[in-house]
Amino acid sequence: MTERIVSGMRSTGKLHFGHYLGVIQNWVKLQKEYESFFFVADWHALTTKYDNTANLRQDVFDVVVDWLACGIDPEISTIYVQSLVPEIAELNIYLGMITPQNWVERDPTLKDMAKILRTKEAANSQISYGLMGYPVLMSADIMMFNATAVPVGIDQVAHIEITRDIARRFNNIYKTDFFKEAKPLLNNCSLICGLDGNKMGKSFGNDIKISDNEEVTTKKIMTAITDRTRLRKTDLGHPDQCEVAFKYWEIFGSVDDVATVKSECEQGLRGCADCKRQLAAKINELFAPIREKRRYYENHPQEVEKIIKEGSAKARIEAQKTLKEVRKLVGMY
Ligand code: TRP
């Protein structure tokens, strides 16, 4: 039997290059090797956005459209929405019972989220019971499908560790080997930084979206930080000190592109503005097919709805099998 992978993303709206390079590209590759379940974590989105749900539906739709555009294939992967598989919530209850409080309190990712929340307006700054349960719910997502691997970005690894601990504890308590211990599956792509050189993120306003058109992309690239010591085109450049543009070349350019850019920059033959215009053209060329596919799905929302409905129905069937076994193991009526 082929091994299973499960992974998800919170529904935070349109996705950016960081999502694409860090995670989605990996999924596109892995879906050919594993039985794959990819879901939009709308309950996880609710842990911090429970008081701002006006766009929740649209956000879910936008995430799925980005995935489809990037090459997640609904013919071979199961694409679903977490809340359309309510069995996950029931598993979350059983897992919550066996998870020691200090395991969730220790979760470093949760600590970071709490820090961000504290900087927000008072009404939304409380850490809710639901947010505390973030890693337990994630464990339910993963264990529901008894996945052996979880392809995620490095920031999620701590969560997967807790999932393994919870799976082991469940097996110990209920004297079973039913749950497998899932490993994180990282890709080897280096992290892409934002246009300002910091971590790329929607809330930092330094991202390029998969859905951005050519014009917007070019405008954004023109703001990318370069070599701060270089004032004139004829100044000799230092690609290794170029904070963003050259790093993007290394990600998006061919080996030849990178060699040309490096040598022209070092000799003062290439100005930063020209360099970034070329970089934008390169990126626009690479993303043209993805963006075209994206427009197609955006214009055919019924097709997207159908993919979500069918994927969720398929996920439920698998989830019900797991839950039946879990209820039996726990000893429920
Ligand atoms: N926490 C993940 C994120 O922020 C999303 C997520 C929820 C997830 N449940 C998961 C990822 C289960 C992998 C497996 O992107």
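Since the structure is predicted, the reported quantities are computational estimates derived from the model, not experimental observations. (Residues numbered from 1 in each chain as written. Predicted model: local features only at pLDDT ≥ 70, side-chain atom pairs only at ≥ 80, totals over all residues. Heavy atoms only, no water.)

### Thoughts on the site of the ligand
Move 1: Around the ligand there are 13 residues in total, and R10, Y134, M138, D141 and Q156 lie nearest to it.
Move 2: In the environment of the ligand, a nitrogen atom lies 2.7 Å from a nitrogen or oxygen atom belonging to the side chain of D141.
Move 3: Measuring from a nitrogen atom of the ligand, one finds a side-chain N or O atom of Q156 at 2.9 Å.
Move 4: Relative to its free-state accessible area of 370 Å², the ligand is covered by the protein chains to the extent of 93%.
Move 5: At the level of secondary structure, the elements contributing two or more residues to the shell around the ligand comprise β1 (4-10), β2 (35-41) and α8 (134-143).
Move 6: Sort the elements by how many residues they give to the shell around the ligand and α8 lands first, with four residues. (Near = heavy atom within 4 Å. Polar contact = N/O pair within 3.5 Å; in protein donor to acceptor, adjacent residues only side chain to side chain. Areas by Shrake-Rupley, 256 points an atom, 1.4 Å probe, with all protein chains shown as cover. Helix = DSSP H or I, 4+ residues; strand = E, 2+ residues; numbered from the N terminus.)

### Some words on the pairing of strand β3 (residues 77-81)
Move 1: Along β3, five of the five residues are buried, which leaves the element largely enclosed by surrounding structure.
Move 2: By the bridge criterion, five bridges tie β2 to β3 in an arrangement that is parallel. Within β3, the position partnered with V40 by the bridge is V81. (Buried < 20%, exposed > 50% of the residue type's maximum accessible area, 1.4 Å probe, protein only. Pairing = 2+ DSSP bridges.)

### Observations regarding helix α6 (residues 108-118)
Move 1: Of the positions making up α6, those classed as buried are T109, L110, M113, A114 and L117. For α6, the angular spread of the buried residues around the axis is 140°, confining them to a single face. Opposite its buried face, α6 presents the exposed residues K115, I116 and R118, each directed more than 90 degrees away. (Arc of directions from axis to C-beta.)

### A short note on the pattern of salt bridges
Move 1: The final tally for this structure, using the stated rule, is 25 salt bridges.
Move 2: Here R4 makes a salt bridge to E35, at a shortest N to O gap of 3.2 Å. Here R4, found in strand β1, pairs with E35, found in strand β2; they are 31 residues apart in sequence, far enough to count as distant.
Move 3: Residue D62 is joined to K14 by a salt bridge in which the shortest nitrogen-to-oxygen separation is 3.8 Å. Placement of the pair is D62 in helix α3 (residues 56-70) and K14 in the loop between β1 and α1 (17-30), with a sequence separation of 48 residues.
Move 4: According to the relative accessible area criterion, D62 is buried, its value standing at 5%.
Move 5: One network of salt bridges, in which partners are shared, links R4, E35, E318 and K321. (Salt bridge = Lys/Arg side-chain N within 4 Å of Asp/Glu carboxyl O.)

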